[in-house]
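Each chain is listed here by its residues.
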Amino acid sequence: MNKKRTRLEIIKDILEVIRAKSGKIKPTHILYKSNLSHGMMETYLAELQEKEFILEQKTKTGRTYLITPKGQEYLAQYHTIAQFTDTFGLNE
Amino acid sequence: MDYEYIIPEWFFTFSIGMELLYALIAFGIAFTAYKLYRVAKERTLKHLSIGFGFISLSYLLWASVNMVMIEQVRAGVQTVCLSCLQNVGRMGIYGHSIFFLLGFSTLAYATFTLNRPSLWYLVAGLSLTAFAASTQKFLTTHIIAAFILTYIIYHYWCCSSTHAQTNRTLLAFTFLFVSNVTFLLSPEFYYAYIIGHFLELGAYALFLSTLLTTQKQ
């Protein structure tokens, strides 16, 4: 059985999914790729918007999400962040 | 009763150097955690940064008080007590204890899964209230710190079963716990002050090696 993902890993996975789609994606694609329930996905998307890692764009066809430079920076530094939080026992 | 400990004269300068070293290492951890917090915006990183920041400040104040005392120690005085110190020295002692307790309270809060500032208020508030109400400030500071450390050690012991990387951090906090217990004996036995410092040295050496390991990878 796979190990349960930490919060930081889930955030990384969502941002990577958005980046892989040329930085712009619909919520349904995030849902399929991120292995999350709909409720959890909405919670994380709200959190990522609050942290300014992603931007929501409302179009005629629905919502899309774009990754921001702060989101890119998180992905670039993810390994260091994860290593530090694991070592200091901070992963929730 | 006065806040006091016994320092052998030959160890005095070493102890100041060690306290400054601990302040530097704690500041390094606080700074690194803060830099990562700026990127990840995770509250646990923020609280770890604040906790080690308080601890760094507490060691800086302790070293400052001992520097104020240095002339008296060279004159042969070995016992540090509140009534011997001028107001600046007393403020340094109280400041050291307050920031020491705030630091460990904040580190304990950083390990909580609940994000409730009222919990931090409860832990820090109870610690400082006990300190303020006590007539034996030195003993109370280290008793409270040791108690909080038992919780922190338990948290890291639980973590170490899933994350082997926390073993070094667990050992570091264990050294800190033992050092705080050892300091309880320093009003009576001067070597307890020395042993306590060396145990802290072990703890901060482990913290430093952990910090450098996370930076390398």
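Residues numbered from 1 in each chain as written. Chains lettered and ligands numbered in written order. Predicted model: local features only at pLDDT ≥ 70, side-chain atom pairs only at ≥ 80, totals over all residues. Heavy atoms only, no water.

Some words on unusual backbone geometry
Using the following cut-off: Helix and strand definitions here come from DSSP, where helices need a minimum of 4 consecutive H or I residues and strands a minimum of 2 consecutive E residues; each element is numbered from the N-terminal end.
Although it is not a glycine, N35(A) sits at a positive phi angle of roughly 60 degrees. Following the sequence through the fold, N35(A) ends up in the loop between α2 (27-34) and α3 (38-50). Backbone geometry at K41(B) places phi at a positive 55 degrees, although glycine is not the residue there.

Things to note about the pairing of strand β2 (residues 54-59) of chain A
Residues and elements named next belong to chain A. Our working rule: When DSSP locates at least two bridges between a pair of strands, those strands are taken to pair.
Relative to strand β3 (residues 62-67), β2 runs antiparallel, the two sharing 6 bridges. Paired with T59 across the bridge in β3 is G62. From the end of β2 to the start of β3, which pair antiparallel, there are 2 residues.

As for the environment of L170(B)
Residue and element names in this part refer to chain B. Heads up, the condition is: Burial status follows relative accessibility: with a 1.4 Å probe on protein chains alone, a residue under 20% of its type maximum counts as buried, one over 50% as exposed, and anything between as partly exposed. A contact between two residues is defined here by any heavy atoms of the two lying within 4.5 Å.
Tracing the sequence through the fold places L170 in helix α6 (residues 167-183). Looking at L170, the relative accessible area reads 14%, which means it is buried. The spatial distance from the C-alpha of L170 to the C-alpha of L206 is 9.5 Å, given a sequence separation of 36 residues. When near neighbours in sequence (up to four residues on either side) are disregarded, L170 contacts I153, Y156, W157 and S160.

Considerations on the nonpolar core
Test applied: Take the buried residues of types Ala, Val, Leu, Ile, Met, Phe, Trp, Tyr and Cys, join any two whose side-chain atoms come within 4.5 Å, and each joined set is a nonpolar core.
By size, the foremost hydrophobic cluster in this structure holds 77 residues, and its most contacted members are Y74(A), F52(B), F104(B), F173(B) and F207(B). With 14 residues, helix α1 (residues 9-40) of chain B is the largest single contributor of residues to this core. Once residues within four sequence positions are removed from consideration, F173(B) is found in contact with F52(B), L107(B), L149(B), I152(B), I153(B), Y156(B) and F207(B).

Quick notes on the pairing of β3(A)
Relative to β3(A), strand β1 (residues 24-25) of chain A is paired through 2 bridges, and the arrangement is antiparallel. Bridging across to β3(A), K24(A) finds its partner in L66(A).

Here's the deal with the packing of α2(A) against α3(A)
All names here are of chain A. Quick reminder of the rule: Only C-alpha atoms enter the line fits that serve as axes; for helices the fit covers just the stretch in contact. Angles between N-to-C directions range over 0 to 180 degrees. Any angle that is under 35 degrees is reported as roughly parallel, and any over 145 degrees as roughly antiparallel; angles of 65 to 115 degrees are reported as roughly perpendicular and all others as oblique. Two helices crossing with the near one rotated counterclockwise from the far one by less than a right angle form a left-handed crossing, whereas a clockwise rotation gives a right-handed crossing. Residues are sorted three ways: Asp, Glu, Lys and Arg are charged, Ala, Val, Leu, Ile, Met, Phe, Trp, Tyr, Cys and Pro are nonpolar, and all the rest, Gly among them, are polar.
Relative orientation of the contacting elements α2 and α3 amounts to 115 degrees, with a least axis distance of 10 Å. Taken together, the axes of α2 and α3 lie roughly perpendicular to each other. Seen from above, α2 lies across α3 with right-handed handedness. Of the residues in α3, those touching α2 at P27, I30 and L31 are H38, M41 and L45. Residue classes in the contact of α2 with α3 are distributed as 5 nonpolar, 1 polar and no charged.

Concerning the packing of helix α4 (residues 117-133) of chain B against helix α5 (residues 137-160) of chain B
Residue and element names in this part refer to chain B. Direction vectors running N to C along α4 and α5 enclose 160 degrees, while the axes themselves pass 9 Å from each other. By the angle class used here, α4 and α5 are roughly antiparallel. Crossing handedness for the pair α4 and α5: right-handed. Contacts from S127, A130, F131, A132 and A133 of α4 reach α5 at K137, T140, T141, I144 and I148. A class-by-class count of the residues in the contact of α4 with α5 yields 6 nonpolar, 3 polar and 1 charged.

A look at α1(B)
Put simply, the rule reads: Here the expected length of a helix is defined as 1.5 Å per residue gap, with one fewer gap than residues.
Taking 1.5 Å per residue, 32 residues should reach 46 Å; α1(B) reaches 47 Å between its end C-alpha atoms and fits that length. Positive backbone phi, approximately 55 degrees, marks K41(B), located one or two places after α1(B).

Let's talk about the interface of chain B and chain A
Rules: When two parts are brought into contact, each loses some accessible area as probed by a 1.4 Å sphere; the total of that loss over both is the buried area. What makes a salt bridge here is a side-chain nitrogen of Lys or Arg within 4 Å of a carboxyl oxygen of Asp or Glu, nothing more. Think of a polar contact as two N or O atoms within 3.5 Å of one another; within protein, one of them needs to be a possible hydrogen donor and the other a possible acceptor, and neighboring residues in sequence only count if both atoms come from side chains.
At the interface, 27 residues of chain B touch 21 residues of chain A. Interface area for chain B against chain A, summed over the two sides, is near 2,200 Å², with a carbon-plus-sulfur share of 66%. There are 2 salt bridges connecting chain B and chain A. Residues E42(B) and K51(A) are paired through a salt bridge, measuring 2.7 Å at the closest nitrogen-oxygen approach. The interface formed by chain B and chain A includes 6 residue pairs in polar contact (both at pLDDT 80 or more). Breaking the side of chain B that touches chain A down by element, the ones donating at least two residues are α1, α2 (43-74), α5 and α7 (190-216) of chain B. Counting residues per element, the side of chain B that touches chain A draws most heavily on α1(B), at 6 residues.

Regarding α2(A)
Residues and elements named next belong to chain A. To keep things clear, this is the line we draw: What the arc measures is the spread of directions leading from the helix axis to the C-beta atoms.
Within α2, burial applies to P27, I30 and S34. Across the axial projection of α2, the buried residues extend over an arc of 55 degrees, all falling on one side. For α2, the exposed residues lying more than 90 degrees away from the buried face are Y32 and K33. Of the surrounding secondary structure, the elements contacted by the buried residues of α2 are α1 (7-20), β1, α3 and β3.

Looking at the confidence of the model for chain B
Parts of the model with low pLDDT should not have their predicted coordinates read in detail. All names here are of chain B. Formally: For every residue, the predictor reports its confidence as pLDDT, a number between 0 and 100.
Mean pLDDT over chain B: 87, with 88% of residues reaching 70 or higher. Per-element mean pLDDT across chain B ranges from 58 in strand β2 (residues 79-81) up to 94 in α6. For this predicted complex, the interface confidence score (ipTM) comes to 0.89, while the overall pTM stands at 0.89.

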